Amino acid sequence: MVTRKAGAAIAAGCSVINAPSEDTPLVTLYMAKLGIEAGFPEGLLNVLTCSRDTKPAVGKALCEHPDIAAMSFTGSTAVGKVLIKQCADTVTRVHLELGGNAPLIVFESADIDRALNGTMMAKFRNAGQACNAANRVFVHKSLYSEFVEKLGRKILDLKVGNGMEKRIDVGPLVNIKGSDKVSSIVDNALKTEGIERIGNKNTENTSGLPYYSPTLLSCMIKQMSPYSTRKYSVL
């Protein structure tokens with residue numbers, strides 16, 4: 001994502017300040033390193049790291065600075081609203097990609113095996129931690145039972161562990177907060193009668209990294225939190 005945004009700005013002749021998530025700064029830092037190695041002039045591609053506590057102040061300073069021509073943000077709707085307000089006084093251009101609870105839809109005419117393969121890719125790459133990862137799957141009633149059964153088998157075959165090791169399909173979530181969130185969503189959903197779960201219980205390896213086994217909840221209804229909550233995980 002940062003390459004897409006920064007690349008377009010640099011191609012248009014603009015310098016860039018990247019303020020990455022405090023949880024995932026390494027890609028942005030490495031991109032800046034590659035820029036230096038490629039001969040980018042000093043000050044063209046900048047990275048501004050900060051903690052979760054200082055991020056609001058950093059964001060405010062960037063949004064309100066008169067030399068900032070445009071601000072681009074991908075994240076929550078709540079934060080996006082704040083940034084729009086902070087950019088208003090300087091009439092800074094704003095580009096936002098906010099929220100999202102991406103559905104995957106399987107129609108009656110679908111090739112079920114292709115749909116299953118597409119679902120596995122759309123949901124479980126990077127342990128579901130992508131802004132466009134499928135969070136909900138709507139399946140036509142004529143295919144529902146077969147689809148759930150086959151998807152459940154594929155989920156149970158996934159190997160969870162250190163992504164640097166061979167034959168591992170799903171690595172850890174980004175932090176303990178992430179695994180606690182998905183665990184809470186699943187536990188609350190299972191309190192409702194009729195909800196079915198496929199997947200193993202939460203697991204953590206000896207190094208204490210936040211693993212959560214891929215999980216499928218079926219028979220959901222829209223009034224339940226997993227239906228409307230952005231999960232950013234393997235659920």
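Residues numbered from 1 in each chain as written. Predicted model: local features only at pLDDT ≥ 70, side-chain atom pairs only at ≥ 80, totals over all residues. Heavy atoms only, no water.

Draft legend 1. Quick peek at helix α5 (residues 112–124). The end-to-end C-alpha separation of α5 is 18 Å, in line with the 18 Å expected for 13 residues at 1.5 Å each. Every buried residue of α5 is listed here: I112, A115, L116, T119, M120, K123 and F124. The buried residues of α5 occupy an angular sector of 135° when the element is viewed end-on, so they sit on one face. Seen from the open side of α5, the exposed residues pointing more than 90 degrees away from its buried face are R114 and M121. Residues of α5 that are buried in the fold lie against β5 (103–106), β6 (136–139) and α6 (144–157). Capping the start of α5 is the job of one residue whose side-chain oxygen sits 3.1 Å from the backbone nitrogen of D113: D111. Backbone geometry just downstream of α5 places N126 in the positive-phi region, at approximately 55°. (Helix = DSSP H or I, 4+ residues; strand = E, 2+ residues; numbered from the N terminus. Expected span 1.5 Å × (residues − 1). Buried < 20%, exposed > 50% of the residue type's maximum accessible area, 1.4 Å probe, protein only. Arc of directions from axis to C-beta. Contact = heavy atoms within 4.5 Å. Polar contact = N/O pair within 3.5 Å; in protein donor to acceptor, adjacent residues only side chain to side chain.)

Draft legend 2. View of a nonpolar patch on the surface. A cluster of nonpolar side chains, namely I84, V94 and L96, defines an oily patch on the protein surface of about 200 Å² accessible area. On the secondary structure map, I84 appears in helix α4 (residues 77–88). (Patch = residues over 30% accessible without salt bridge, like charges linked within 9 Å, V, L, I, M, F, W, Y side chains within 5 Å. Areas by Shrake-Rupley, 256 points an atom, 1.4 Å probe, with all protein chains shown as cover. Salt bridge = Lys/Arg side-chain N within 4 Å of Asp/Glu carboxyl O.)

Draft legend 3. Spatial organisation of the pattern of salt bridges. In the structure shown here, the tally under the stated rule is eight salt bridges. The partner of R153 in a salt bridge is E149, with the nearest N and O atoms 3.0 Å apart. Taken together, the residues span about one helical turn, with R153 and E149 both in helix α6 at a distance of four residues. Three or more residues are tied together by salt bridges with common partners; here these are E22, D23, R52 and K55.

Draft legend 4. Layout of helix α2 (residues 26–37). Here α2 contains 12 residues, and its C-alpha end-to-end distance of 16 Å stays within 8% of the 16 Å for a straight helix at 1.5 Å per residue. Residues of α2 that are buried include every one of T28, M31, A32 and G35, and no others. Buried residues of α2, seen end-on, are gathered within an arc of 100° and therefore sit on one face of the element. Residues of α2 that are exposed and angled more than 90 degrees away from the buried face: L26, V27, I36 and E37. The inward-facing, buried residues of α2 abut α1 (2–11), β1 (16–18) and β2 (45–47). A positive backbone phi angle near 100° is found at G39, which sits one or two residues after α2.

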